[in-house]
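# Commentary on secondary and tertiary structure
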Amino acid sequence: MTLTNFIQLLVTGMAMGAIYALTAKGLFIAHLTTNRVNFGQGDFLMAASFISLAAIGAGLPLPLAVLAVVTVLSLMGWGLERFAVRPLDRFGAGRAGGALAWILTTAGMALILQNTVELLWGKSSQYSPPLFSDRRDNVITVGQIGFFLEELLIILAAFAAVGAFWWALFRTRWGRDVYTVAFNPDAASLLGIDVRRTVTSVWIIAALLAAVSGILVGPLVTVHPHMGLIFTIKALAVASLGGFANPIGILVGGILFGVAEALANYWDSKYGDLYPLLFVMAMLVLKPSGIFGESKADIR
Amino acid sequence: MIAVEAISARIGAVEVLSDISFSVAPGALLAVLGANGAGKTSLLRSVSNLLPLSGGRVTYDRQDISGIAPHLLARKGLVHVPQGRQIVPTLSVLDNLLLGASHLSQNDPDMMRKNLEDEFTRFPVLRERQRIPGGSLSGGEQQMLAVSRALMMRPKVLMLDEPSLGLAPQVARAILRALRSLTEQGVAVILVEQIAIGALKIADNGLVLRNGQVALRGSATELLADRGLVESYLG
């Protein structure tokens, strides 16, 4: 491998890694607040990809297409919490959860999504148009090395989304409320925090993270109705690297995962996707709290 | 300010409160005493609607508050500091202080700054440590933070569940003194305590619970005069 190859793989890996980090953050925030995750997070991403593809295909300019995806995905996040998660609370001992039924209902929603998308757009893979430039393979050359412009812009956009999420979590009243509800919902309500509304907002934000990932991942992969599961699995792997507790650990974990995957695929194009997952598995055996996990959810 | 009229409550099949009545006027301090399991915590939880009533009613500011969600009561100034202080360990001292205040319906930044300044004057240690995570404060400092955080919500009624639990005696006394000074500003205080004598010394009236019922009630002076009887109920 030449240095040029390596740097190009690094950029490709970072683009995918940023997507994994965004998806994993959706799992993290729901888990932090409610001890539950959406097992269809990857399928939310898939749906976002299709809606974005359809909206851009219908000739909508990018901002309007983004608005459409964001609107639909917010409603999906709200609906998931309202109809597939919250009604189960009365079967279990509150948050601690004797009931694990939400695993089935969120995974079930994923199946419904896959089939709905198949009905609407068919089973075949779709080519997603570029978001930021006129062609997917526009190359800009820095020194001796050529990069896909689209990839660089996707990395920038993903980092902007990560930054916005960080700001919301650590610099706003909403983030303060989220940490308080995560700590103790009863105590939160005694401080005037509307716990139910905070939980709903968290599921909407989780869906919005899938929305952003879905829009951005389109031009990097081929889009098809069953692409979601592998994103859910990879996001779970990335979130465990951060111990489900450390948002910066999840970002670093996501990037490392994406880069490892890109390099592994260079050496072994057949089973390349497997190696990073094996690595995470081995790591979890050695350190179950995650490389960047902490006993407390405090990283500030 | 607040009137509790013949309330009962159950947890599962067990009646944890039965036919309890009392009222607290603005500027008065009521001490609620009793042994472990007497129903003191359940009483506060039912008043703030965390535990639904099975009978009776609570009026606050002359308004029946049954069925009003706890977070709305808190925003209206019926403020409950639960057992164990409940300082969010990951948030800074300052963020903890702003938690409740930021949800008040009249969320006036100037007022908030002034209140913050008042609390920093009341407990100067909070000013010094405002940037560090709440979880790294000592027990006494956390209790000061819990009281200040509640006062940031400008309570008309302040209910505290065993604020002196686990504190060194002189720290506990400082907290109790701070509570007494609040009543001078017209706040009605309901203080649940295990340290009966210390609580009665700052209280106007006292209420002793046993098995979810009122076993003894009277003015603090009366109850202090009959310490032996009070203590016989505390187990």
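Structure: above.
Fair warning: this is a prediction, and the values are worked out from it, not measured in the lab.

## A short note on the overall build of chain B
- Helices and strands together make up the secondary structure of chain B, namely ten helices and ten strands.
- Its C-alpha radius of gyration of 17 Å places chain B within 12% of the 18 Å reference for a compact globule of 235 residues.
- Reported as C-alpha extents along the three principal axes, the dimensions of chain B are approximately 45 × 40 × 35 Å.

## Remarks on the pairing of strand β10 (residues 213-219) of chain B
Residue and element names in this part refer to chain B.
- By the bridge criterion, six bridges tie strand β9 (residues 205-210) to β10 in an arrangement that is antiparallel. Residue pairing in the sheet places L209 in a bridge with V214 of β10.
- In this antiparallel pair of consecutive strands, β9 and β10, the connection spans two residues, and N211 shows a positive phi of 50 degrees.

## Points about the interface of chain B and chain A
- With 21 residues of chain B in contact, the opposing surface of chain A contributes 18 residues.
- Counting only elements with at least two residues in the side of chain B that touches chain A, the list comes to α2 (70-75) and α3 (93-101) of chain B.
- The element best represented in the side of chain B that touches chain A is α2(B), accounting for four residues.
- Each residue belonging to the side of chain B that touches chain A can be placed in one class, and the counts come to eleven nonpolar, eight polar and two charged.

## Remarks on the sheet that holds strand β1 (residues 2-11) of chain B
- Within the open sheet, the four strands sit side by side as β2-β1-β4-β5 (chain B). Their pairing is antiparallel. Taken across any chain shown, the strands that pair with only one partner, and hence form the sheet edges, are β2 (14-24) and β5 (63-64) of chain B.

## A word on unusual backbone geometry
Residues and elements named next belong to chain B.
- Not every positive phi belongs to a glycine, and A6 is a case in point at roughly 50 degrees.
- When the 12 C-beta atoms within 10 Å are taken as the criterion, A6 is described as exposed.
- Phi at N211 takes a positive value of approximately 50 degrees, unusual for a residue other than glycine.
- Along the chain, N211 falls in the loop between β9 and β10.
- For N211, a count of 14 C-beta atoms within 10 Å puts it in the partly exposed group.

Cut-offs and rules
- Residues numbered from 1 in each chain as written.
- Chains lettered and ligands numbered in written order.
- Predicted model: local features only at pLDDT ≥ 70, side-chain atom pairs only at ≥ 80, totals over all residues.
- Helix = DSSP H or I, 4+ residues; strand = E, 2+ residues; numbered from the N terminus.
- Rg over C-alpha atoms; globule rule 2.2 N^0.38 Å.
- Pairing = 2+ DSSP bridges.
- Contact = placed C-beta atoms within 7 Å.
- Nonpolar A, V, L, I, M, F, W, Y, C, P; charged D, E, K, R; others polar.
- Buried ≥ 20, exposed ≤ 12 C-beta atoms within 10 Å, placed from the backbone.

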